[in-house]
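The chain contents come next:
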There are 4 protein chains.
Amino acid sequence: MLNRFGTLFTFTSWGESHGPAIGCVVDGCPSLIALSEADIQPYLDKRRPAQSKYTTQRKEPDEVQILSGVFEGQTTGHPISLIIHNQDQKSKDYGEIKDKFRPGHADYTYMQKYGIRDYRGGGRSSARETAMRVAAGAIARKILNYSPLNLPPEGGEATALAGAQGGIQIRAALVQLGKHHVNRENWDWAEVNNNPFFCPDAKAAELWADYLDDIRKSGSSVGAVIEVVAEGVPVGLGEPVYGKLDSKLAEAMMSINAVKGVEIGEGFAAAALRGEDNADAMRMQGGEVHFRGNKAGGIAGGISTGQPVVVRFAVKPTSSILTQVDTVDKVGENTSIRTKGRHDPCVGIRAVPVGEAMMACVLADAMLMQRARKIS
Amino acid sequence: MLNRFGTLFTFTSWGESHGPAIGCVVDGCPSLIALSEADIQPYLDKRRPAQSKYTTQRKEPDEVQILSGVFEGQTTGHPISLIIHNQDQKSKDYGEIKDKFRPGHADYTYMQKYGIRDYRGGGRSSARETAMRVAAGAIARKILNYSPLNLPPEGGEATALAGAQGGIQIRAALVQLGKHHVNRENWDWAEVNNNPFFCPDAKAAELWADYLDDIRKSGSSVGAVIEVVAEGVPVGLGEPVYGKLDSKLAEAMMSINAVKGVEIGEGFAAAALRGEDNADAMRMQGGEVHFRGNKAGGIAGGISTGQPVVVRFAVKPTSSILTQVDTVDKVGENTSIRTKGRHDPCVGIRAVPVGEAMMACVLADAMLMQRARKIS
Amino acid sequence: MLNRFGTLFTFTSWGESHGPAIGCVVDGCPSLIALSEADIQPYLDKRRPAQSKYTTQRKEPDEVQILSGVFEGQTTGHPISLIIHNQDQKSKDYGEIKDKFRPGHADYTYMQKYGIRDYRGGGRSSARETAMRVAAGAIARKILNYSPLNLPPEGGEATALAGAQGGIQIRAALVQLGKHHVNRENWDWAEVNNNPFFCPDAKAAELWADYLDDIRKSGSSVGAVIEVVAEGVPVGLGEPVYGKLDSKLAEAMMSINAVKGVEIGEGFAAAALRGEDNADAMRMQGGEVHFRGNKAGGIAGGISTGQPVVVRFAVKPTSSILTQVDTVDKVGENTSIRTKGRHDPCVGIRAVPVGEAMMACVLADAMLMQRARKIS
Amino acid sequence: MLNRFGTLFTFTSWGESHGPAIGCVVDGCPSLIALSEADIQPYLDKRRPAQSKYTTQRKEPDEVQILSGVFEGQTTGHPISLIIHNQDQKSKDYGEIKDKFRPGHADYTYMQKYGIRDYRGGGRSSARETAMRVAAGAIARKILNYSPLNLPPEGGEATALAGAQGGIQIRAALVQLGKHHVNRENWDWAEVNNNPFFCPDAKAAELWADYLDDIRKSGSSVGAVIEVVAEGVPVGLGEPVYGKLDSKLAEAMMSINAVKGVEIGEGFAAAALRGEDNADAMRMQGGEVHFRGNKAGGIAGGISTGQPVVVRFAVKPTSSILTQVDTVDKVGENTSIRTKGRHDPCVGIRAVPVGEAMMACVLADAMLMQRARKIS
């Protein structure tokens, strides 16, 4: 709760957009896992702003530093403190929003809840906090691919299965940008890193480039839907009744800034289906249970089935836009606001690595929980 | 986690579908709240099966009994133990599913996770557990309407504001049954209790009656979408970053049996909007802040805005259907199953009071949290 | 917190001294553990009142019933609900204490904290609650003796190691009754069940019989010190820094009614020692690490060393005595009170099985935690 | 749990003795509290090493820096990140202990639990961690003296009651050094800061100076007992049954490095008393309840009575001594060790401000909990 996420694998994040630094403390990571900044930085780089014209032009190298919990290259089982020093804090940009409440932001609610707010860049409510989710998620991935629950074939080594060749692989993609959906027949995971949208459909990505460029130039913004898929998840993760894997994923994804909806597998579309069309029939195949479909998104009764875990979440359009919007100020006067400055025309893009990270954290937590429960 | 919900206002549920009883322990309820079984029973009655041909014909009076925590008609601040004795446990019905895994149910995942399962009526995975959510929710409602944060006009009484006349009012309705949506122009809360679907659109309800009758007779099932609205919620509830009100609501709703999606306010539709169309402009009105729209669903930055809190969740079609579906059995043989017995053609209907209850529990918990934080 | 104990192995207790029943919900117990009422009842019998003239004459059979979480004789991994119906609720005894605050009891503090109190037998503050600790502790013992951390010799069975022949053995004894200590040279665990004091020193027990008889007849009471010893605890249990095994034991023991002090190993006496006298030197012996002493009480740095874990706790004299004591009543008038009725001349005696139970619960919780952390 | 302390007012500490820094994240502090480094530093200075010849000569300025959660001099309600950069990390000192397990330290248990240990200065097990407790405690004190539960007389200001003039005052003193106790008749709180032992008895302090000098010169060490007293605590703090104020204090104090025993009020001495001698009689005085004694240490039924809360804890002698002690090394060979380097001849001295800090944290947490519960 509050600024901590997780039960056994936990992280507590801290820091404001325009404070000296942001950071988090990862607590509950098992020992003997090889870890250095090099394991974390690539994921932060993926989320880093200003990599294309479609994300905010704030320049932040986002270089992470490990301050504790690692000794001679391995985790010690003690808290891992991570820190990123803020660089590009253009506080001068924030003169106008000092006294006005930006609609769609946390300005008004923070002021009402706390009686005080750090207005510089949104303070604590800034999506800058998600950098620490990504950092924690990188550590979670190490746990997921180092688990006795995922034993390699006989003779193999239990250590450090590469994400791509074994263990649990977590990937995400943008499947909707504003009104435009990807064509699932064109889905190619390899394309995701070939365009600035994390789009798995090369053709759609081309179309999106023009579409978002128009929106960006007009000072507007648009929403998006992200799909996160975890493959290689063993059967048995998740705790009924109030620790269901889908429940924890919903909590995790909805806690990301600007997210307004979460669905698992068939999701909202399942409401329109009949029972026989929604059933994932089962068959033995090579001595193992196989499913004929994955309408369930890899979760039944709150517990992973062994199929890919599939989650989608919707991100609203960036609230900071150039259009003038009516609002009020802190002394209770009517006014209006248009947000200049450096913003993402679609915050959904940079939410892709964040969604992956939250999936990793939820799964790592569930895996530690399951270990604890397993008698034999 | 596990079988406990909440942080300060908590309940821990227990019991299996065909065990001797189900129950829960509500821990964290403030003292001096008038409480008796009569405060809880009406909500349980609303959820009770066999009230129409559209829900399971299992006969369960679901009479709740308070075993502790109430003295001379008032809560004492100590745990409130609630129990409902099971009556209609037709265990003979469950011969076939003893050895086969029903697709869409928790049969296979429970077996894999625990190495054992109580197959009688789904055991712990039965939606019967939701009765205890409804019971706990009834107590949460008492807290919500007895809060110093919702003071009555001067000279008024701080106690027991009736839901309808003041305080926080929580209501839910079925807004989609299978492929059929309500027409929001026909929305009338008063209609919700006039039809067996909790449908706020009288015309739609008529149509649904025939539609669901056909599905029921054919032994099939269908999904649904439920909308839960809480009015009178004060500004300031919810804790950033990992205790956001929307995050907690998503967790809560997704933990209800058969739920596959959750959205707040505009939800998934927000992804297709542009920033200026999604903005809830603000204006002073009579000395108070008013919003021109509620695309946000009453939550900004994870904190309630003072507007109605609006949540929708999607329920998949009942997995128990008469159609033969391929599956496997516990010794790893291929087989198939058709579920006879007494089932709901649309479990979404009985999820309506459950959704209300979870909203009440989340809000009560958030309200106690906010009290703790408020210095002045 | 509140009425729940533990992190992974948890129980939530409920019920008042003179309500219809008391109970608890054990949540987090692994599946596949053989369990029936017969595993729990013997421990409750040990704690049961009225077994000698030295404990309260209240007649309570304390028959426990399992309401959930066990199927065909084995735990299912789901919550285990336990209930004991109250039998001998002589409410008429409580006329006088209805309005007066008994010094040393929770009467005054409960009234101030909650604004209401169930005065019948102390309500929730009654030591009757400890019956549920004993019941939960019986389940914890099953976990402790069914752990992969305690593997049997090759070819043996991993299941249900008897407490006495292997696994973790937890025993407690009264080592001080009022001013009288046991002579540790006479210590014989077998004697503990041969006298009504759980005294390991047969000679001391004889002396104590006369001593406590005098106190009982004079309507007075006396305190006691209990020592709890857990043998067979593997090295590595306990979590630094705020989940240290000694810290959790201190919390657990201090939460027992009437306890005023807790110490580990040498305890308070260690303050008077010099470093060289307090050191537990180590030596290899048969390929294993052995300690020359156990001043540390089996815990170093908050983590079990593999030696016996030794805890002592002090119980104050029963506050309910026949001597008139000055007090105030609930309308703020001076008055006095002498407590008639059925009370223990030394509540420390019945605290012996309670101390054992809390040790078992702390260790079971720590063992599940350690499983979760262990990568290899 | 793990490295986090508290429920509503929490802090998570991190860092090793010889890493780049140590720190903590305080989460749950209410907003609008005036806070700067100057509020924290004086308490750190009190704990700082090398202030006399009786504590370790390691030179650490222990300058704390606030990295988040404070804006324009006030807390914002968001996490407060505190950091202290390590200065004097003489890693060369630690050659010998790299491979040997120091008896009485966490060396052996950490190695067994985690399979790895940062041997430099004890790594995470170093008492250096307690600096962060002291820092968090300084913030807790601000909460305690800013509480609506402690309203000033009418017309007064609710803000920032100075510790000495009102609100809750927390003080601690060394009451036993090795075999030597203070004479309580000489108790003078003003003396505590006049000697290097935090001793309230000026005469005893003189004696102790010679006594501890001898011990120090001989390379030995000795234990101590610390008494912590909180005055001005309102009635009603603490949560039965598993969140009792005494239970939480026992957990908190026992979690401090080297602590082996905790007692409340009369503590272990209560075991030898008769009921009538242990009763704290009550009397109305000036319209308020007064107690004739405080054998209970300010807590009844786990809840504060309004009297001073009195806790004592025993610290074992420093394990690092010059005397050769038998031990084993990490490859399982017999060896022996004598610890050179800079150590405290009595770690109990520097535990005095740590005990105060833990008292403050427990009380602040309990106060926030009580606010949440209070309906009216």
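Everything below is about the structure printed above this text.
Read on for a plain summary of the structure. (Residues numbered from 1 in each chain as written. Chains lettered and ligands numbered in written order. Predicted model: local features only at pLDDT ≥ 70, side-chain atom pairs only at ≥ 80, totals over all residues. Heavy atoms only, no water.)

1. A look at the overall build of chain A
- Helix and strand content of chain A: seven helices and 18 strands.
- Here the C-alpha atoms of chain A give a radius of gyration of 21 Å, agreeing with the 21 Å that 2.2 N^0.38 yields for 376 residues.
- Projected onto its principal axes, the C-alpha coordinates of chain A cover approximately 70 × 50 × 40 Å.
- The buried share of chain A, reckoned over its 376 residues, is 64%.
- Partitioning the intrachain contacts of chain A with sequence separation of at least 6 by distance along the chain shows that 70% fall at a separation of at least 24.
- Counting 43 positive and 43 negative side-chain charges, chain A places the centres of these two groups 4 Å from one another. (Helix = DSSP H or I, 4+ residues; strand = E, 2+ residues; numbered from the N terminus. Rg over C-alpha atoms; globule rule 2.2 N^0.38 Å. Buried < 20%, exposed > 50% of the residue type's maximum accessible area, 1.4 Å probe, protein only. Contact = heavy atoms within 4.5 Å. Lys, Arg positive; Asp, Glu negative; His and termini not counted. Charge placed at Lys NZ, Arg CZ, Asp CG, Glu CD.)

2. A word on the packing of helix α7 (residues 347-373) of chain B against helix α7 (residues 351-373) of chain D
- Here α7 of chain B crosses α7 of chain D at 130°, and the two axes come no closer than 7 Å. One finds that α7 of chain B runs oblique with respect to α7 of chain D. The crossing of α7 of chain B and α7 of chain D is right-handed. On α7 of chain D, the residues that touch Leu368, Arg371, Ala372 and Arg373 of chain B of α7 of chain B are Leu368, Arg371, Ala372 and Arg373 of chain D.
- Of the residues contributing to the contact of α7 of chain B with α7 of chain D, the split by class is four nonpolar, no polar and four charged. (Axes fitted to C-alpha atoms, helices over the stretch in contact; angles between N-to-C directions. Parallel < 35°, antiparallel > 145°, perpendicular 65-115°, else oblique. Left-handed = near helix turned anticlockwise from the far one by under 90°. Nonpolar A, V, L, I, M, F, W, Y, C, P; charged D, E, K, R; others polar.)

3. Here we look at the relation of the copies chain A and chain D
- Once chain A is rotated about the relating axis by 180° and shifted along it by 0.0 Å, it coincides with chain D to within an RMSD of 0.0 Å. Given the turn and translation reported, the copies of this chain are related as if by a two-fold rotation axis. (Least-squares fit on C-alpha atoms with pLDDT ≥ 70 in both.)

4. Notes on the interface of chain A and chain D
- With 40 residues of chain A at the contact, the number on the chain D side is 40 residues.
- Among the residues of chain A in contact with chain D, Phe71, His78 and Ile116 of chain A are the three that bury the most area, contributing 19% of the side total.
- Counting across the interface, chain A meets chain D through zero salt bridges.
- Linking chain A to chain D there are six residue pairs in polar contact (both at pLDDT 80 or more).
- Of all elements in the fold, only β2 (10-15), β3 (21-27), β6 (74-75), β7 (80-85) and α2 (107-114) of chain A reach the threshold of two or more residues within the side of chain A that touches chain D.
- For the side of chain A that touches chain D, the element with the most residues is β2 of chain A, which contributes four residues. (Buried area = accessible area lost by both parts, 1.4 Å probe. Salt bridge = Lys/Arg side-chain N within 4 Å of Asp/Glu carboxyl O. Polar contact = N/O pair within 3.5 Å; in protein donor to acceptor, adjacent residues only side chain to side chain.)

5. A word on the interface of chain A and chain B
- Each partner contributes residues to the interface: chain A has 106 residues there, and chain B has 106 residues.
- Both faces considered, chain A and chain B share a buried interface measuring about 8100 Å² in area, 60% of it formed by carbon and sulfur atoms.
- Looking only at chain A, the three residues that lose the most surface to chain B are Lys113, Tyr242 and Lys260 of chain A, adding up to 12% of its buried area.
- On inspection of chain A and its partner chain B, the count reaches eight salt bridges.
- The partner of Asp326 of chain B in a salt bridge is Arg283 of chain A, and the shortest N-O contact between them spans 3.3 Å.

6. Observations regarding unusual backbone geometry
- Look at the link from Pro240 of chain A to Val241 of chain A: it is a cis peptide, with omega at 10°.
- Positive phi outside glycine occurs at Ala258 of chain B, with the angle close to 75°.
- Relative to the elements of secondary structure, Ala258 of chain B occurs in the loop between α5 (245-254) and β11 (259-264).
- By relative accessible area, which is 24% here, Ala258 of chain B ends up partly exposed.
- Even without being glycine, Glu72 of chain D reaches a positive phi, approximately 50°.
- Its location among the elements puts Glu72 of chain D in the loop between β5 (70-71) and β6 (74-75).

7. Quick notes on the environment of Glu356 of chain A
Residue and element names in this part refer to chain A.
- For Glu356, the position within the fold is in helix α7 (residues 347-373).
- Sequence spacing of Glu356 and Glu227 is 129 residues, and the spatial spacing of their C-alpha atoms is 9.1 Å.
- Those residues in contact with Glu356 that lie beyond four places of it in its chain are Lys46, Arg141, Ile170, Arg171, Ala172 and Val228.

8. A short note on the packing of aromatic side chains
- In the structure shown here, the tally under the stated rule is 42 aromatic pairs over all chains.
- Ring centres 5.8 Å apart and planes at 40° place the aromatic pair Phe5 of chain A and Phe11 of chain A in the tilted group. Phe11 of chain A matches Phe5 of chain A in its accessibility class, with the two residues each being buried.
- Judged by centre distance (5.8 Å) and plane angle (70°), the ring pair of Phe291 of chain C and Tyr108 of chain D falls under edge-to-face. Of this pair, Phe291 of chain C sits in strand β13 (residues 288-291) while Tyr108 of chain D sits in helix α2 (residues 107-114), placing the two residues on different chains. (Phe/Tyr/Trp six-rings, centres within 6.5 Å; stacked < 30°, edge-to-face > 60°.)

9. Here's the deal with the pairing of strand β2 (residues 10-15) of chain B
Residue and element names in this part refer to chain B.
- Burial within β2 is extensive, with six of its six residues counted as buried.
- By the alternation rule, side chains of β2 split into Thr10, Thr12 and Trp14 and Phe11, Ser13 and Gly15, which are all buried.
- Bridge count between strand β1 (residues 4-5) and β2: two bridges; the pairing is antiparallel. Bridge assignment links Phe5 to a residue of β2, and that residue is Phe11.
- In terms of strand pairing, β2 meets strand β3 (residues 21-27) through six bridges, oriented antiparallel. Along β3, the bridge assignment pairs Thr10 with Asp27. (Pairing = 2+ DSSP bridges.)

10. Looking at the pattern of salt bridges
Residues and elements named next belong to chain A.
- For the structure on display, the rule yields 110 salt bridges over all chains.
- In this structure, Glu356 and Arg141 form a salt bridge, with 2.8 Å as the shortest nitrogen-oxygen distance. Placement of Glu356 in helix α7 and of Arg141 in helix α3 (residues 130-144) is noted, with a sequence separation of 215 residues between them.
- On the basis of relative accessibility, which here comes to 3%, the residue Glu356 falls in the buried class.
- With relative accessibility at 13%, the residue Arg141 sits in the buried group.
- The network of salt bridges with common partners includes Arg47, Glu60, Asp62 and Arg128.

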